[in-house]
Amino acid sequence: MMQEWLRVSKMHGCGNDYIIVNAFEEETFLKIQDWFGNFLLENHQESLVMKEEAKQWIIDTCKEHTGVSADGLIIINPPKNNSYDGEMVMFNSDGTYSGMCGNGLRLVVRYMVDKIIKNN
């Protein structure tokens, strides 16, 4: 299941590297929803359990020598309504959910301005 290719970007800011997944692309969005299940659909509440395969994919992807090498992975989801432009879901390199990261947020804003908002 997690062996499929997924297009990602790598960005860095203030000493942190993050893998950015643009889930605005429909094919990517569907893969992410399949891999992460209800965790992403239900506003990633900590009481929900993420699929173990998704957690392992994050760990493997963030590894220094065999992966992309990153401090974490950020999924940019399309908005659920028109009151905002997108949603950031951040994971640490050990696969755990991280509610917020200032450096990650800076990168998401830059990515959205450069890649998503300009194209829509």
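Remember, predicted model here, so these are calculated numbers, not experimental data. (Residues numbered from 1 in each chain as written. Predicted model: local features only at pLDDT ≥ 70, side-chain atom pairs only at ≥ 80, totals over all residues. Heavy atoms only, no water.)

Asker: Please clarify how helix α4 (residues 102-117) should be interpreted in this entry.
Answerer: Within α4, the axis deviates most sharply at Tyr111, by approximately 30°. Looking at the buried positions of α4, the neighbouring elements they touch are β1 (9-13), β2 (16-22), β3 (72-77) and β4 (87-92). (Bend = angle between axes of the 7 residues up to and from the residue. Helix = DSSP H or I, 4+ residues; strand = E, 2+ residues; numbered from the N terminus. Contact = heavy atoms within 4.5 Å.)

Asker: What am I meant to see in the pattern of salt bridges here?
Answerer: Think of it this way: side chains of opposite charge can pair up when their charged atoms draw near. Applying the stated criterion to the full structure yields five salt bridges. Measuring nitrogen to oxygen at the nearest pair gives 3.6 Å for the salt bridge that ties Lys63 to Asp60. Take Asp60: its relative accessible area is 34%, and that puts it in the partly exposed class. Between Glu87 and Lys80 there is a salt bridge, with the nearest N and O atoms lying 3.1 Å from each other. Accessibility expressed as a relative area gives 13% for Glu87, which makes it buried. According to the relative accessible area criterion, Lys80 is partly exposed, its value standing at 46%. (Salt bridge = Lys/Arg side-chain N within 4 Å of Asp/Glu carboxyl O. Buried < 20%, exposed > 50% of the residue type's maximum accessible area, 1.4 Å probe, protein only.)

Asker: Please clarify how the nonpolar core should be interpreted in this entry.
Answerer: One broad trend across soluble globular proteins is that nonpolar side chains are buried collectively. With 17 residues, the main nonpolar core has Phe36, Trp57, Ile58, Leu73, Ile75 and Phe91 as its most contacted residues. Residue assignment for this core shows that the elements contributing at least two residues are β2, α1 (26-36), α3 (52-62), β3 and β4. Top element by residues in this core is α3. It accounts for four residues. Formed by 13 residues, the second largest nonpolar core is a distinct cluster that contains Tyr18, Ile76, Met90 and Ile116. (Core = buried A, V, L, I, M, F, W, Y, C linked by side-chain atoms within 4.5 Å.)

Asker: Explanation requested: the sheet that holds β2 in the structure shown.
Answerer: The strands that make up a sheet pair up through hydrogen bonds in the backbone, lying either parallel or antiparallel. Taken in spatial order, the five strands line up as β1-β2-β3-β4-β5 in an open sheet, and their pairing is mixed. The sheet terminates laterally at β1 and β5 (97-98), the two strands that pair on one side only. In terms of strand pairing, β1 meets β2 through five bridges, oriented antiparallel. Bridge pairing links Lys10 to Ile19 in β2. Running at roughly 130° to β1, α4 makes contact with β1, β2, β3 and β4 of the sheet. (Pairing = 2+ DSSP bridges. Axes fitted to C-alpha atoms, helices over the stretch in contact; angles between N-to-C directions.)

Asker: Would you mind showing me how to read the pairing of β3 here?
Answerer: Where a strand is regular, its side chains alternate between the two sheet faces. The buried fraction of β3 amounts to six of the six residues, a majority that puts the element mostly inside the structure. What you see with β3 is no split at all: Gly72, Ile74 and Ile76 on one side and Leu73, Ile75 and Asn77 on the other are buried throughout. Where β2 meets β3, five bridges bridge the pair, whose relative direction is parallel. Paired with Ile20 across the strands is Ile74, a residue of β3. Two elements, β3 and β4, share six bridges in a ladder whose sense is antiparallel. Paired with Ile75 across the bridge in β4 is Val89.

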